[in-house]
Structures are given as structure tokens and as C-alpha cells.
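Take a look at the letters that make up each chain.
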Amino acid sequence: MTESTVAREKVIIFDTTLRDGEQSPGASMTIEEKIQIAEALERLGVDVIEAGFPIASEGDFRAVQEIARRVKRSVVCGLARAAYGDIDRAGEALKPAERKRIHTFIATSPLHMKYKLQMEPEEVLAWVEKSVRRARSWTDDVEWSGEDASRSDRDFLCRCIETAIRAGATTVNIPDTVGYAYPEEFADLIRYILDRVPNIDKAVVSVHCHNDLGLAVANSLRAVQAGARQVECTVNGIGERAGNAALEEIVMAIRTRADLLPYRTGIDTTQIMRASRLVSAITGFAVQPNKAIVGANAFAHESGIHQDGVLKHAQTYEIMRPEDVGLVKSSLVLGKHSGRHAFRKKLEELGYRLGDNALNEAFRRFKDLADKKKEIYDDDIIALVDDEIHAHEQRVRLVSLKVECGTEVKPTARMVLEVDGVRREAEASGDGPVDATFRAIRTIVPHEASLPLFQIHAVTEGTDAQAVVSVRLEEQGRSVHGQGSDTDTIVAAARAYLAALNKLLVKRGKRAPAALSA
Ligand code: KIV
Ligand code: ZN
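Residues numbered from 1 in each chain as written. Chains lettered and ligands numbered in written order. Predicted model: local features only at pLDDT ≥ 70, side-chain atom pairs only at ≥ 80, totals over all residues. Heavy atoms only, no water.

Draft legend 1. Focus on the site of ligand 1. Taken together, 12 residues lie around ligand 1, and Arg 19, Asp 20, Thr 177, His 208 and His 210 are the ones closest in. Thr 177 has a polar side-chain atom sitting 2.6 Å from an oxygen atom of ligand 1. Within the side chain of His 208, an N or O atom sits 3.1 Å from an oxygen atom of ligand 1. In the complex, 99% of the free accessible area of ligand 1, which totals 260 Å², lies under the protein chains. At the level of secondary structure, the elements contributing two or more residues to the shell around ligand 1 comprise β5 (100–107), β6 (142–147) and β7 (171–176). Per-class residue counts for the shell around ligand 1 are 3 nonpolar, 6 polar and 3 charged. (Near = heavy atom within 4 Å. Polar contact = N/O pair within 3.5 Å; in protein donor to acceptor, adjacent residues only side chain to side chain. Areas by Shrake-Rupley, 256 points an atom, 1.4 Å probe, with all protein chains shown as cover. Helix = DSSP H or I, 4+ residues; strand = E, 2+ residues; numbered from the N terminus. Nonpolar A, V, L, I, M, F, W, Y, C, P; charged D, E, K, R; others polar.)

Draft legend 2. Representation of the coordination of the zinc ion (ligand 2). Listed as protein donors to the zinc ion (ligand 2) are Asp 20 (OD), His 208 (NE2) and His 210 (NE2); their distances from the metal cover 2.0 to 2.1 Å. We note that the donor set of the zinc ion (ligand 2) lies within a single chain, spaced as D-x187-H-x1-H. By the burial criterion, His 208 is buried, and His 210 matches it. (Donors = N, O, S within 2.8 Å, 3.2 Å for Na, K, Ca; no water. Buried < 20%, exposed > 50% of the residue type's maximum accessible area, 1.4 Å probe, protein only.)

Draft legend 3. Just the sheet that holds strand β13 (residues 422–429), in detail. Strand order in this open sheet of 3 strands is β11-β12-β13, and the pairing throughout is antiparallel. Looking at strand neighbours, the two that pair on one side only are β11 (396–404) and β13, the edges of this open sheet. Taking the axes of each pair of neighbouring strands and ignoring which way they run, one obtains an average angle of 15° across the sheet. Set on the sheet, helix α17 (residues 489–507) makes contact with β11 and β12 (412–419); between it and β11 the angle comes to about 150°. (Pairing = 2+ DSSP bridges. Axes fitted to C-alpha atoms, helices over the stretch in contact; angles between N-to-C directions. Contact = heavy atoms within 4.5 Å.)

Draft legend 4. Fine view of the nonpolar core. Of all hydrophobic cores here, the largest spans 95 residues; its most connected members are Trp 144, Ile 161, Val 172, Ile 174 and Ile 193. For this core, the leading source of residues is helix α7 (residues 154–167), giving 8 residues. Not counting chain neighbours up to four residues away, the residues in contact with Ile 193 comprise Leu 157, Cys 158, Ile 161, Ile 174 and Ile 200. Membership of the second largest hydrophobic core comes to 29 residues, among which are Ala 492, Ala 493, Ala 500 and Leu 505. (Core = buried A, V, L, I, M, F, W, Y, C linked by side-chain atoms within 4.5 Å.)

Draft legend 5. Representation of helix α16 (residues 433–444). Given a rise of 1.5 Å per residue, 12 residues ought to cover 16 Å, and the 17 Å separating the end C-alpha atoms of α16 matches this to within 8%. Looking only at α16, the buried set comprises Ala 436, Thr 437, Phe 438, Ala 440, Ile 441 and Ile 444. Against β11, β12, β13, β14 (450–458), β15 (467–475) and α17 lie the buried residues of α16. (Expected span 1.5 Å × (residues − 1).)

Draft legend 6. Just the domain arrangement of the chain, in detail. The domain architecture assigned to the chain consists of domain 1 (10–283), domain 2 (299–327), domain 3 (330–388) and domain 4 (391–517). Distance from the C-alpha centre of domain 1 to the C-alpha centre of domain 3: 37 Å. Counting residues at the interface gives 4 residues for domain 1 and 7 residues for domain 3. On the domain 1 side of the contact with domain 3, Arg 274, Arg 277 and Ala 281 bury the most area, a combined 81% of that side's loss. Applying the counting rule to domain 1 against domain 3 returns 0 residue pairs in polar contact (both at pLDDT 80 or more). In terms of residues, the side of domain 1 that touches domain 3 owes the most to one element, helix α11 (residues 272–283), which gives 3 residues. Its residues placed into classes, the side of domain 1 that touches domain 3 shows 1 nonpolar, no polar and 3 charged. (Domains from an automatic or database assignment. Buried area = accessible area lost by both parts, 1.4 Å probe.)

Draft legend 7. Expanded view of the side chain of Thr 171. Structurally, Thr 171 can be placed in strand β7. Overall, Thr 171 belongs to the buried group, its relative accessible area being 3%. In this structure, Thr 171 is in contact with Arg 101, Val 142, Glu 143, Trp 144, Ala 203, Val 204, Ser 206 and Gln 230, ignoring residues within four places of it in sequence.

Draft legend 8. Focus on a nonpolar patch on the surface. Taken together, Leu 451, Phe 454 and Ile 456 make up a surface patch of nonpolar side chains, about 240 Å² in accessible area. Here Leu 451 is to be found in strand β14. (Patch = residues over 30% accessible without salt bridge, like charges linked within 9 Å, V, L, I, M, F, W, Y side chains within 5 Å. Salt bridge = Lys/Arg side-chain N within 4 Å of Asp/Glu carboxyl O.)

Draft legend 9. Region of the structure containing the sheet that holds β15. Ordered by their spatial adjacency, 3 strands build an open sheet running β14-β15-β16, and the pairing between neighbours is antiparallel. The sheet is open, and its two borders are formed by β14 and β16 (478–486), each paired with just one other strand. Across this sheet, the average inter-strand angle for adjacent strands is 15°, counted without regard to direction. Inspection of the sheet shows β15 paired to β16 by 9 bridges, in the antiparallel sense. When the sheet's bridge partners are listed, Arg 472 is paired in β16 with His 481.

Dropping the structure here:
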């Protein structure tokens with residue numbers, strides 16, 4: 001760290017991928033997946049991990065509890081409405097944490113107070129006091145948020161903030177819940193709060209911006225310039241509706257425009273790509289190619305003029321170095337004769353640590369792949385390992401698949417699956433090979449789930465490239481994502497479908513998440 005970085009004021013990075021991010025329709029995650037993301041966030045160096053909303057469901061409670069047990073460096077945070085039941089549940093879930101925070105919120109805008117809460121402003125104010133005090137009985141680190149703060153009456157909001165700090169809040173968060181704010185206006189609100197709230201120096205001012213108008217990052221950065229010192233954000237910007245401010249954009253803007261933003265974060269930026277890939281693989285939300293920082297084209301120079309310039313001097317067209325965000329060129333890696341040791345080393349280099357079972361399975365599949373494909377790249381290995389990330393709790397496994405298709409025949413799939421350890425076979429025809437394959441799965445494991453998403457992309461160039469297939473299944477309000485890869489697109493599709501189906505089987509019987517207002 002250079003002297004100038006030490007002198008810079010720190011902006012606390014509060015990540016809510018596991019809470020607000022998980023509230024995106026279709027992004028629900030299993031406990032194991034949440035743990036993997038929490039570990040990636042800790043490696044990334046986020047200061048606070050909002051791990052979930054413990055009152056929402058038994059699954060949320062257990063996820064927060066497990067993350068609280070495992071994470072050591074980041075503060076682990078649980079969300080709670082202004083209700084004793086919520087706060088106590090968050091307090092219970094966070095008990096094992098070395099460093100814990102309870103984040104309690106209540107709406108402060110006239111619209112929300114009248115129609116959603118059906119409370120008078122004075123009642124809301126009383127709950128600010130009661131909820132923060134209750135949270136303080138569990139921990140000294142309490143964050144209070146005024147939901148819909150950007151559309152609240154400024155003076156009422158200031159009274160709420162003053163009350164929250166008096167009751168013991170150490171962070172006060174100003175959410176732009178509906179993504180309505182405009183950068184200059186939002187910065188002005190932060191300045192107003194800093195000028196008017198008498199005890200504001202006793203708490204950190206935080207912002208939480210949604211991206212409905214595409215302004216979440218701009219609003220957050222202007223707020224920092226106005227005096228906010230915590231930014232709430234998510235990896236890849238996932239979150240309710242249009243999402244939250246993207247962590248990678250906030251962090252890289254602060255780093256790249258140090259001339260205008262004289263602050264620092266504790267983020268190890270070389271971990272950004274890895275965290276982005278993991279979140280995308282787990283949620284099934286593909287990152288758009290032109291997405292800032294983590295999109296596939298973010299560092300690609302297509303036009304001749306740009307390529308020529310970059311070759312002569314990288315900074316002609318590059319304001320950041322790809323390696324600064326952990327983008328390493330996909331290199332030719334292993335081959336048919338590479339052993340387990342080399343494979344494990346390669347995984348470590350790519351940032352993956354697998355348990356013994358997952359490592360054995362990934363190695364077996366790597367050997368299969370090496371038989372089929374001459375050249376194996378980093379991206380092939382990443383696709384393969386991402387499959388293993390989805391492969392836990394597999395009650396239904398693919399044993400074999402044979403598909404007949406083409407211009408002269410009706411597409412037919414013959415499939416053998418292992419269901420709870422028992423081999424089952426089926427044959428089905430369909431409108432195409434994928435349809436036939438999915439019908440065969442439905443014959444063996446009957447279910448009514450719909451298929452709102454089916455996506456294929458190639459991992460590398462060439463006709464022998466692996467296909468990565470993403471599948472989303474929906475059943476009675478439950479939405480699950482599965483991913484599968486193989487050099488055979490139909491096998492990849494079957495793997496993806498089975499990964500999603502296995503998650504659905506786990507989710508069945510669990511209570512659907514309660515409708516939440518956060
Ligand atoms: O958007 C919002 O207002 C929230 C709060 C719970 C912070 O997510
Ligand atoms: Zn939010």
C-alpha cells in the first residue's frame with residue numbers, strides 16, 4: 001500500500017448480493033451456494049456481508065447462521081424489519097459470528113407510511129427507537145435504514161436518523177429504494193443530513209441505491225463525494241428489479257478516478273472476475289457482454305484502430321488493466337496426460353478450492369474432456385468446475401443418454417438416470433433432441449415445472465468447444481437455476497436440466513419465501 005492510499009479516507013463496502021441480490025426474481029440460492037458466495041466475498045475483502053433476512057424462512061436463517069460460523073474477517077449482517085420477532089431472529093442467526101451486525105429498517109416516506117405500514121409518522125419514529133434499542137441488545141454494531149429515504153420528507157428523515165443514532169445505531173443508511181434519485185439531488189440529500197442531524201458524527205452515513213433509471217452507481221459515487229462513507233452494492237449489480245449499484249463498478253471507479261475520488265476501499269480487485277463468474281454461475285444471470293468491468297467485451301478491442309493503439313501503448317484505449325480485475329488471458333492449459341496434481345494446481349491458480357469428492361468428479365470429467373477435445377483452456381476448466389458447484393445434493397444423476405435426430409427421423413432420446421441410487425430408464429420423442437431429452441427426464445421424474453429460460457453458449461472458439469447450458473425451472477412460485485457443460489450440447493442441456501431439477505427437489509417441502517417488503 002502506498003503512502004497516498006494510507007492517507008485516503010476509507011469507503012466501507014457493504015455487499016448485499018446474498019440479500020437484496022437474492023431478491024431478484026429467479027436468483028434464489030441454496031445454502032451451499034450462499035456459503036460459496038460468502039467465501040468469495042470474504043476473499044474479495046468486502047467489509048460487511050449482508051448474508052440474508054433470517055425471519056424470511058428457515059433456509060434464510062440457516063444460511064445466515066452458517067455464514068456467521070464460517071466468515072472470520074468480514075462483518076456478517078442480518079436484515080430485520082422494525083419488529084421484535086425479526087430482530088431477535090436475526091440476533092439468533094448471527095450468534096456464532098465473530099463480528100456481527102443487525103440491519104433494521106422501516107419506511108419513512110409518506111407513501112410507504114400511509115399505504116404500506118398504515119402508520120402515522122410519530123408511530124414510525126417510535127419504532128425507530130424501539131427497533132434500534134432491541135438490536136443493540138444483541139450487538140453493538142447496528143445499522144438503521146429509512147426505506148424509501150430519497151422520497152421522504154427531509155426533516156422527518158433527519159428526525160428518524162437522529163433518533164436512530166440516539167438509540168445506538170452506528171451506521172445510518174439512506175436507501176434510494178425505488179431508484180428514483182438523481183445524482184446531484186441525492187448528493188444534496190446527503191449533505192443536508194450531514195448538516196442538519198445534530199449527532200451525525202456518531203454514525204457512518206451509508207447509501208443503498210437501486211438502478212431503475214440506470215443511476216445507482218452514479219448516485220452512490222456522488223453520495224460518497226458528499227460525505228457518505230459506506231456504499232451498499234452487489235456483485236454484477238444484481239438485485240430487486242433493475243438491481244443495485246454494482247460493486248465492481250463502484251470499486252473500480254474509486255480506484256481509477258483517484259483524482260476525483262480521493263478514497264480507498266479494502267477490496268482486492270484481482271478477485272473481482274472470480275466473484276462475478278461465481279455469482280453468474282450460481283444465479284444463472286448471464287453478465288451482458290458490454291457490462292462495465294466484468295462483461296466479456298469490457299477489455300476486448302475489436303476495431304483495428306483500437307487494437308493498433310493498445311499494442312503500441314495499452315493506455316491509449318485502456319483505462320484499467322485487465323489483470324487488475326483478475327482477468328487472466330485464457331491460456332492453453334492441460335492435456336490428456338496431465339495428472340491430478342497438475343489439475344489441482346491449475347484449479348488453485350484459477351482460484352478454486354474443491355473438496356475431495358468434487359475434485360475427483362471434476363478430474364474424471366476433465367479426463368473425459370481431454371479424450372474428446374484436443375486443446376483445453378482455462379475457460380474449459382472453469383465451465384467444468386462451475387458444473388461441480390451445481391452438482392451437490394444430486395438425488396437424480398445422469399448415467400447415459402443416447403439421442404437420435406436429423407432430417408429423416410423423429411428426435412428420440414433414450415436415457416438412464418440414477419434416482420436415489422436406483423437406475424431408471426426411459427425413451428421419449430419430441431420436437432427436437434432437447435425436447436426429447438427433457439421429456440425423457442420428465443418420464444422418469446414426473447413434475448410440472450415450467451421452463452422459462454433455456455440458454456446455450458460456447459466456452460471457447462471452434463466446433464469442438466464445450467457448450468454451457470443454463471436452465472431455469474419454475475414450480476409453484478419456486479424458481480431454480482441449473483447449469484451444465486459438455487462438448488455435446490444435448491448432454492450439457494441434460495446436465496443443466498438435472499442440476500435445476502435436483503435443486504427443485506431440495507426446495508420442495510420447504511416453505512416458499514414470505515412476501516417481503518425490503
Ligand atoms: O432498497 C431498500 O430500501 C432496501 C432496504 C432494506 C435497505 O433494500
Ligand atoms: Zn434494496
